Amino acid sequence: NAGVMQNPRHLVRRRGQEARLRCSPMKGHSHVYWYRQLPEEGLKFMVYLQKENIIDESGMPKERFSAEFPKEGPSILRIQQVVRGDSAAYFCASSPGLAGEETQYFGPGTRLLVL
Amino acid sequence: AQSVTQLGSHVSVSEGALVLLRCNYSSSVPPYLFWYVQYPNQGLQLLLKYTTGATLVKGINGFEAEFKKSETSFHLTKPSAHMSDAAEYFCAVMGGNNRLAFGKGNQVVVIP
């Protein structure tokens, strides 16, 4: 059973460009979470999605950031007009969404570098 | 809101010695608590978790943690450190909407 998959693993963008980060959850998992890890800090929650629904986006910056989890295909975290402060590791996690199945399983992350 | 405190960003331990990583949490509801380990340039791997029931929880790689409600703690221990334990360790508490709130992490260095 494949784990959570993220691509690309490394992404370099120049200021003002767009970054698209993809996440495929574990098989059978319908809940996806995105977290950001800034240097010297722990992970910070960004957004929680189920298929075609955003459940909680309280951790997302109000501007330039958006996320989706379509009926078909991976979840996408999109960052428009990137700035140097967006440089970080972005982790996706998934869970089954069943009562008693709270554990979130993490992908390997996408490391974004903004030049 | 839920939060976690992990003190001491860097922890050095001799090979074969006890590993002790401290985690204190704040939660307005009965907490679900987790320890994750992160190896360089990798994602987070679950070590162990507490949801309900037995307060002493055993995890992978010989780690265990004890939930102490009176102390709002969930400290991680391993009796004997191995070189392969060198990694970063994160404690997390689950909040509303399944949000995980993480501590800042402990970078563990194992000295031969």
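Up top is the structure.
Residues numbered from 1 in each chain as written. Chains lettered and ligands numbered in written order. Predicted model: local features only at pLDDT ≥ 70, side-chain atom pairs only at ≥ 80, totals over all residues. Heavy atoms only, no water.

Trainee: Would you mind showing me how to read the overall build of chain A here?
Mentor: Secondary structure summary: chain A contains zero helices and 11 strands in total. Secondary structure elements in chain A, listed N-terminal to C-terminal, are β-β-β-β-β-β-β-β-β-β-β. What you see for chain A is a C-alpha radius of gyration of 13 Å, in line with the 13 Å of a compact globule of 115 residues. For chain A, the C-alpha atoms occupy an extent of roughly 40 × 25 × 25 Å along the three principal directions. Of all 115 residues assigned to chain A, the portion counted as buried reaches 47%. Taking as baseline every contact in chain A between residues at least 6 positions apart, the subset at least 24 positions apart corresponds to 53%. In the structure as shown, chain A presents an accessible area of about 5800 Å², 47% of it carried by carbon and sulfur atoms. (Helix = DSSP H or I, 4+ residues; strand = E, 2+ residues; numbered from the N terminus. Rg over C-alpha atoms; globule rule 2.2 N^0.38 Å. Buried < 20%, exposed > 50% of the residue type's maximum accessible area, 1.4 Å probe, protein only. Contact = heavy atoms within 4.5 Å. Areas by Shrake-Rupley, 256 points an atom, 1.4 Å probe, with all protein chains shown as cover.)

Trainee: Which parts of the structure should I look at to understand the interface of chain A and chain B?
Mentor: Reports of interface size often rely on the accessible area that becomes lost once the parts have come together. The interface is formed by 21 residues belonging to chain A together with 21 residues belonging to chain B. Of the roughly 1700 Å² buried between chain A and chain B on both sides combined, carbon and sulfur atoms contribute 52%. It is Leu43, Glu102 and Phe106 of chain A that lose the most area in chain A upon contact with chain B, and together they represent 29% of the buried surface on that side. At the surface where chain A touches chain B, the tally comes to one salt bridge. The residue Arg99 of chain B makes a salt bridge to Asp56 of chain A at a minimum N-O spacing of 2.4 Å. Run the count over chain A and chain B and you get 10 residue pairs in polar contact (both at pLDDT 80 or more). Those elements giving two or more residues to the side of chain A that touches chain B turn out to be β4 (31-37), β5 (43-50) and β6 (53-56) of chain A. Per-element accounting of the side of chain A that touches chain B gives the leading share, four residues, to β4 of chain A. Looking at side-chain class alone, the side of chain A that touches chain B contains nine nonpolar, seven polar and five charged residues. (Buried area = accessible area lost by both parts, 1.4 Å probe. Salt bridge = Lys/Arg side-chain N within 4 Å of Asp/Glu carboxyl O. Polar contact = N/O pair within 3.5 Å; in protein donor to acceptor, adjacent residues only side chain to side chain. Nonpolar A, V, L, I, M, F, W, Y, C, P; charged D, E, K, R; others polar.)

Trainee: So what exactly am I meant to see when it comes to the sheet that holds strand β3 (residues 19-24) of chain A here?
Mentor: Pairing between the strands of a sheet comes from backbone hydrogen bonds, and it takes one of two forms, parallel or antiparallel. Residue and element names in this part refer to chain A. The four strands lie next to each other as β1-β3-β8-β7, forming an open sheet whose pairing is antiparallel. With partners counted over all chains shown, the strands left at the sheet margins are β1 (5-7) and β7 (65-68), one partner each. Neighbour to neighbour, the strand axes of the sheet diverge by 15 degrees on average, direction disregarded. Across four bridges, the pairing between β7 and strand β8 (residues 75-79) is antiparallel. (Pairing = 2+ DSSP bridges. Axes fitted to C-alpha atoms, helices over the stretch in contact; angles between N-to-C directions.)

Trainee: Any chance you could explain the pattern of salt bridges here in plain terms?
Mentor: Where side chains of opposite charge bring their charged atoms close, a pairing between them can arise. Taken as a whole and assessed by the stated rule, the structure comprises six salt bridges over all chains. For Asp86 of chain A, the salt bridge goes to Arg64 of chain A, with nearest N and O atoms at 2.7 Å. Taken together, the residues span a long stretch of sequence, with Asp86 of chain A in the loop between β8 and β9 (88-95) and Arg64 of chain A in the loop between β6 and β7 at a distance of 22 residues. Under the relative-accessibility criterion, Arg64 of chain A is labelled partly exposed at 25%. With its nearest N and O atoms 2.8 Å apart, the salt bridge here joins Lys58 of chain B to Glu64 of chain B. Taking relative accessible area as the criterion, Lys58 of chain B reaches 62% and is therefore assigned exposed. One network of salt bridges, with partners in common, ties together Glu18, Arg20 and Arg78 of chain A.

Trainee: It is not clear to me how the environment of Gly95 of chain B should be interpreted in this structure. Could you clarify?
Mentor: Residue and element names in this part refer to chain B. Structurally, Gly95 is set in the loop between β10 (87-94) and β11 (100-102). Its relative accessible area of 17% is what places Gly95 among the buried residues. Expressed as a C-alpha distance, the spacing of Gly95 and Pro31, which sit 64 residues apart in the sequence, is 7.8 Å.

Trainee: Is there a simple way to think about unusual backbone geometry in this case?
Mentor: Among all residues except glycine, the phi angle is most often negative; among peptide bonds, the trans geometry is most common. For the bond from Asn7 of chain A to Pro8 of chain A, the omega torsion is -5 degrees, close enough to zero to count as cis. Counting through the fold element by element, Pro8 of chain A comes out in the loop between β1 and β2 (10-13). A positive phi angle, close to 45 degrees, is found at Gln81 of chain A, a residue other than glycine. One non-glycine residue with positive phi stands out, namely Asn41 of chain B, at about 60 degrees. Within the secondary structure, Asn41 of chain B is located in the loop between β5 (33-38) and β6 (44-50).

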